[in-house]
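Here's the letter readout for the chains.
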Amino acid sequence: MQYISTRGDAPELAFDDVLLAGLAADGGLYVPKTYPALDRDAIAALAGIPYADAAARLIAPFAAGTFPGNVLAQATRSAYSGFSHASVAPLVQIADNLFVLELFQGPTLAFKDLAMQLLARLMNHALEQRGRGATIVGATSGDTGAAAIEAFRGQDRVDVFILYPDGRVSDVQRRQMTTVADSNIHAIALKGTFDDAQSILKSLFRDKEFRTGVGLAGVNSINWARVVAQTVYYFTGAVSLGAPLRKLSFAVPTGNFGDVLAGYVAKRMGLPISRLIVATNANDILARALATGRYEPRGVTPTQSPSMDIQLSSNFERLLFDAMGRDPAALRAAFAGLDQSGGFDIPESALRAIREEFDARSVSEEETTAEIARTWRESGYVLDPHTATGVRAARESLAKDPSTPVIALATAHPAKFPAAIEKAIGRAAPLPAKMERILTAAERYTLLDNDEARIRSFIAENARAKPVGAGA
Ligand SMILES: *Cc1c(COP(=O)(O)O)cnc(C)c1O
């Protein structure tokens, strides 16, 4: 399987190179040349098998020609062995035809672990084969950083630098990143927003000298391997509710559009999904874009669901690419409009194609709190504030179409956001025992200005992989 860039001006790469590259050299995102298709029997055959085996099967066609089946099977088994629940991503019913898929059973209690644990193992394998190291630089609105740090800590081939917006992540999220003592881990508190962090990251990736000098690798949700890893739970969740015979919808708390894009890819692969419901918080660019056809970021508003406090949803580019008939010139023109005039109009035909598969709904802070309280009252289940946006959007979809089951993705454990839970139900969700250490452990991070040059030099000084000829 070969991969092409959405901007049409980067070399075609194989899966292992896409895995290490993250962003394409032309600033675009890698997508597979075609989506592998599964027939109904192959989907039905996923019922009842271990999650890790389903993952190996589903990822195999994307990785064809790079990771042999046995390597993939070993990597998935190892990646999911540390999860707290035997089924990895258990499904819980909270109302008629309304289910939550718990994606927070991994080591950092957010769905990012499902992709990151696997990504770390695949990257390590690819680096070993090449006999080289890598420098991972990531931007995080909270959970990606923690998941990446946890997945890569202590690895001797990889240094990890994580930029997070200072003061805009929850205490638990920050502590998950700053209490890790391993010397290959560098947490950077950026005096800026997540979008600032992501924009610095993109620009570092565009700098060829720097990129090749430190062996830059990306683990943000723009990394295609993460998207692929996330398709797996759409299949396992749907199959356990009767797919492929029964059609259902998914409601997805959305920030950078990586998670819901994985649902779209699962659908392209043949999974019968009725609607993909995008739930956003007050940062509603996607809801506005679907309603009006104009993609136009505004300032970021901090909310109680910080992992969704994002205005530029990077992975939306992959959907647009398909919706625009895979025309890189048209896509480049759209994004030039974004750079020059702060937004662009999605072409009519593309908008129609997107609306055929997606709904989008912005959920306010009050609605989020009310949803946590309602679900607790009616079913004794505690939703985290991110998941609550998805459940709220799911209920609206069910009100219109009660006969199609909806799976809301539970993207974080409620204990990560104690203030939001306390406010909604008057008590905090207890932190799982494995998390207690981080509440008292010493923190270690570097506070840096929102200044690309400063970030670049900090990474160059601290990365073990140095440009050839630069010594060490
Ligand atoms: C990252 C994250 C999201 C948003 O996922 P995207 O793939 O960025 O859309 C939602 N909820 C939680 C808890 C997250 O960590």
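Residues numbered from 1 in each chain as written. Predicted model: local features only at pLDDT ≥ 70, side-chain atom pairs only at ≥ 80, totals over all residues. Heavy atoms only, no water.

Novice: For the site of the ligand, give the residues involved together with the corresponding values.
Specialist: Around the ligand lies a shell of 15 residues, among which Lys112, Asp143, Gly255, Asn256 and Asp259 are the nearest. Within the side chain of Lys112, an N or O atom sits 2.5 Å from an oxygen atom of the ligand. Contact between the ligand and Asp143: an oxygen atom at 2.5 Å from a side-chain N or O atom of the residue. Out of a free accessible area of 390 Å², the ligand has 98% covered by protein chains. Across the shell around the ligand, the residue classes break down as 5 nonpolar, 7 polar and 3 charged. (Near = heavy atom within 4 Å. Polar contact = N/O pair within 3.5 Å; in protein donor to acceptor, adjacent residues only side chain to side chain. Areas by Shrake-Rupley, 256 points an atom, 1.4 Å probe, with all protein chains shown as cover. Nonpolar A, V, L, I, M, F, W, Y, C, P; charged D, E, K, R; others polar.)

Novice: Outline the nonpolar core, listing residues and values.
Specialist: Tyr80, Phe152, Trp224, Tyr233, Tyr234, Phe250 and Phe358 are the most contacted members of the largest nonpolar core, which has 116 residues in total. Broken down by element, this core gets its largest block of residues, 11 residues, from helix α10 (residues 224-240). Look past the residues within four positions of Phe152 in its chain and what remains in contact with it is Met116, Leu119, Ala120, Met123, Ile136, Val158, Val160, Asn184, Ile185 and Val219. Judged by nonpolar contacts, the second largest core, of 24 residues, contains Leu29, Ile188, Phe194 and Leu201. (Core = buried A, V, L, I, M, F, W, Y, C linked by side-chain atoms within 4.5 Å. Buried < 20%, exposed > 50% of the residue type's maximum accessible area, 1.4 Å probe, protein only. Helix = DSSP H or I, 4+ residues; strand = E, 2+ residues; numbered from the N terminus. Contact = heavy atoms within 4.5 Å.)

Novice: Go over the UniProt feature "modified residue: N6-(pyridoxal phosphate)lysine" (unreviewed entry) in the protein chain with me, naming the residues and quoting the values.
Specialist: The sites that carry the UniProt feature "modified residue: N6-(pyridoxal phosphate)lysine" (unreviewed entry) are, in the present numbering, Lys112. Along the chain, Lys112 turns up in helix α5 (residues 112-130). (UniProt positions renumbered as here; feature names shortened; annotations may be inferred.)

Novice: A description of the packing of helix α6 (residues 143-152) against helix α7 (residues 171-178) should follow, citing residues and the corresponding values.
Specialist: At their nearest, the axes of α6 and α7 sit 8 Å apart, and the two run at 30° to each other. By the criterion of interaxial angle, the relationship of α6 to α7 is roughly parallel. Between α6 and α7 lies a crossing of left-handed hand. Where α6 abuts α7, its residues Asp143, Gly145, Ala146 and Ile149 lie against Gln173, Gln176 and Met177. Each residue belonging to the contact of α6 with α7 can be placed in one class, and the counts come to 3 nonpolar, 3 polar and 1 charged. (Axes fitted to C-alpha atoms, helices over the stretch in contact; angles between N-to-C directions. Parallel < 35°, antiparallel > 145°, perpendicular 65-115°, else oblique. Left-handed = near helix turned anticlockwise from the far one by under 90°.)

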